[in-house]
Amino acid sequence: MSKPVTGPFEKTPGWLDWYEGPSKPRFKVPAGAVDAHCHVFGPGGEYPYAPERKYTPCDASRAQLYALRDHLGFSRNVVVQATCHGADNRAMVDALIHSGGKARGVATVRRSVGDAELKAMHEAGVRGVRFNFVKRLVDFTPRDELIEIAGRIARLGWHVVIYFEAVDLPELWDFFTTLPTTVVVDHMGRPDVTKPVDGPEFELFVKFMREHTNVWSKVSCPERLSVAGPPALNGEQNAYRDVIPFARRIVETFPDRVLWGTDWPHPNLKGHMPDDGLLVDFIPHIAVTQELQRKLLVDNPMRLYWPEQS
Ligand code: 0GY
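A quick note: this is a predicted structure, and the numbers were derived from the prediction, not measured.

A. Just the nonpolar core, in detail. Among the nonpolar cores identified, the biggest contains 103 residues, and F131 and I162 are the most heavily contacted of them. When residues in this core are grouped by element, the largest group, seven residues, is from helix α11 (residues 290-305). Setting aside residues no more than four positions away along its own chain, F131 makes contact with L146, I149, A150, V160, V161, I162, Y163, F175 and L179.

B. Molecular detail of the site of the ligand. Residues in contact with the ligand amount to 15 residues; listed here are only the nearest, H39, Y55, T83, Y163 and H187. Measuring from an oxygen atom of the ligand, one finds a side-chain N or O atom of R136 at 2.8 Å. One nitrogen or oxygen atom from the side chain of R190 is found 3.4 Å from an oxygen atom belonging to the ligand. Against a free-state accessible area of 350 Å², the protein chains account for coverage of 100% of the ligand. Here the shell around the ligand is composed, by residue class, of five nonpolar, five polar and five charged.

C. Representation of the packing of helix α5 (residues 169-176) against helix α6 (residues 200-211). Axis separation between α5 and α6 bottoms out at 11 Å; the angle between their running directions is 10°. Classified by the angle their axes make, α5 and α6 are roughly parallel. Note on element contacts: α6 touches α5 through L204, F205, K207, F208 and E211, opposite L169, P170, W173 and F176. Along the lines of polarity and charge, the residues of the contact of α5 with α6 split into seven nonpolar, no polar and two charged.

D. Representation of the state of the cysteines in the model. One pass over the full model with this rule turns up zero disulfides. C38 takes part in no disulfide bond, and the closest cysteine sulfur, belonging to C221, lies 11 Å away. In this structure C84 is a free cysteine whose sulfur lies 9.4 Å from that of C58, the closest cysteine sulfur available. The class for C84 is buried, based on a relative accessible area of 0%.

E. Geometry of unusual backbone geometry. Residues G42 and P43 are joined by a peptide bond in cis, for which omega reads 5°. Relative to the helices and strands, P43 is located in the loop between β1 (34-38) and α1 (62-72). A cis geometry characterises the amide bond from W264 onward to P265, with omega recorded as 0°. You will see that M188, though not glycine, has its phi angle at about 55°, which is positive. Among the secondary structure elements, M188 is positioned in the loop between β6 (183-185) and α6. Note on M188: relative accessible area 1%, which makes it buried. With phi around 70°, C221 is a residue other than glycine that occupies positive phi space.

F. Region of interest: helix α9 (residues 244-253). If you check which residues of α9 are buried, you get I244, F246, A247, I250 and V251. Where α9 is buried, its residues contact α6, β7 (215-218), β8 (258-259), α10 (276-286) and α11.

G. Spotlight on the environment of R127. By secondary structure assignment, the location of R127 is in strand β4 (residues 126-132). Judged by relative accessible area, which is 14%, R127 ranks as buried. Sequence spacing of R127 and L296 is 169 residues, and the spatial spacing of their C-alpha atoms is 18 Å. Beyond its immediate stretch of four places on either side in the chain, R127 contacts R104, G105, H122, W158, H159 and Y305. Looking at R127, its side chain comes within polar contact range of the main-chain oxygen of H122, at 2.9 Å.

Definitions and cut-offs
- Residues numbered from 1 in each chain as written.
- Predicted model: local features only at pLDDT ≥ 70, side-chain atom pairs only at ≥ 80, totals over all residues.
- Heavy atoms only, no water.
- Core = buried A, V, L, I, M, F, W, Y, C linked by side-chain atoms within 4.5 Å.
- Buried < 20%, exposed > 50% of the residue type's maximum accessible area, 1.4 Å probe, protein only.
- Helix = DSSP H or I, 4+ residues; strand = E, 2+ residues; numbered from the N terminus.
- Contact = heavy atoms within 4.5 Å.
- Near = heavy atom within 4 Å.
- Polar contact = N/O pair within 3.5 Å; in protein donor to acceptor, adjacent residues only side chain to side chain.
- Areas by Shrake-Rupley, 256 points an atom, 1.4 Å probe, with all protein chains shown as cover.
- Nonpolar A, V, L, I, M, F, W, Y, C, P; charged D, E, K, R; others polar.
- Axes fitted to C-alpha atoms, helices over the stretch in contact; angles between N-to-C directions.
- Parallel < 35°, antiparallel > 145°, perpendicular 65-115°, else oblique.
- Disulfide = S-S within 2.5 Å.

Here it is in structure tokens:
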């Protein structure tokens, strides 16, 4: 992969560029595997970052994303609109259009979005919208605006992706459970992995999924959730081992409603930048049989993003 190119923007201080020499994973993903959570950033000179952004990333282009896909052995991507681009979806849509049908997308829209714009995004491959509740990333959006958007995109057969932190689930529960679509949770609702996997906080998340069969979860981002860190830091074999019980529990309890993604280029990581090859090697620790791996990496994302081919 070639080095990140920095646009005419000052990166947020402390920002780490994505790791340009990812290892070749030892785990061979099944044929047709989908990286169901990744982003493109700019390039900022072509697709400027949003004025309301909370961070300025390094550039990370579609060509670099697709080179990573091939290097890791994946076949497809789901490109998720990142908050640094606000509701300007051009960089993400451009990535879909130039993917040869191998990428689908998740957009961010405001209530002012026109029907023609939604239709054009659908034709490019967008199949969902993302509602973000992580306070360090976005300003508050009124619930009635989100409900209105959810109603409109439901008619297109799209789903809603939600990003929130575990402590906020009780307050957001009623809103989430009124959403009329499939609801995909980013990164297992960001559990605090220093707490027990069968403690009240994670039990609430499991209950959320058990009682609401329209709720799916990405079992992604061990590098974000881990306190133990990667092997280079903790000297152990299992990278991000403290996240394993949480992700494994979700995979084994809800095998037909889980997705996995690299989260490349890993926004906002300040401590370390993960080796994406090691992230792939995390997969067999959380999906321990070939059947679970196939559901996680192929069957589930294909059913949600390429239903016409699954
Ligand atoms: C992620 C996580 C983060 C950032 C964003 O859109 C974004 O800016 O999602 C984060 O900072 O936790 O999933 O990419």
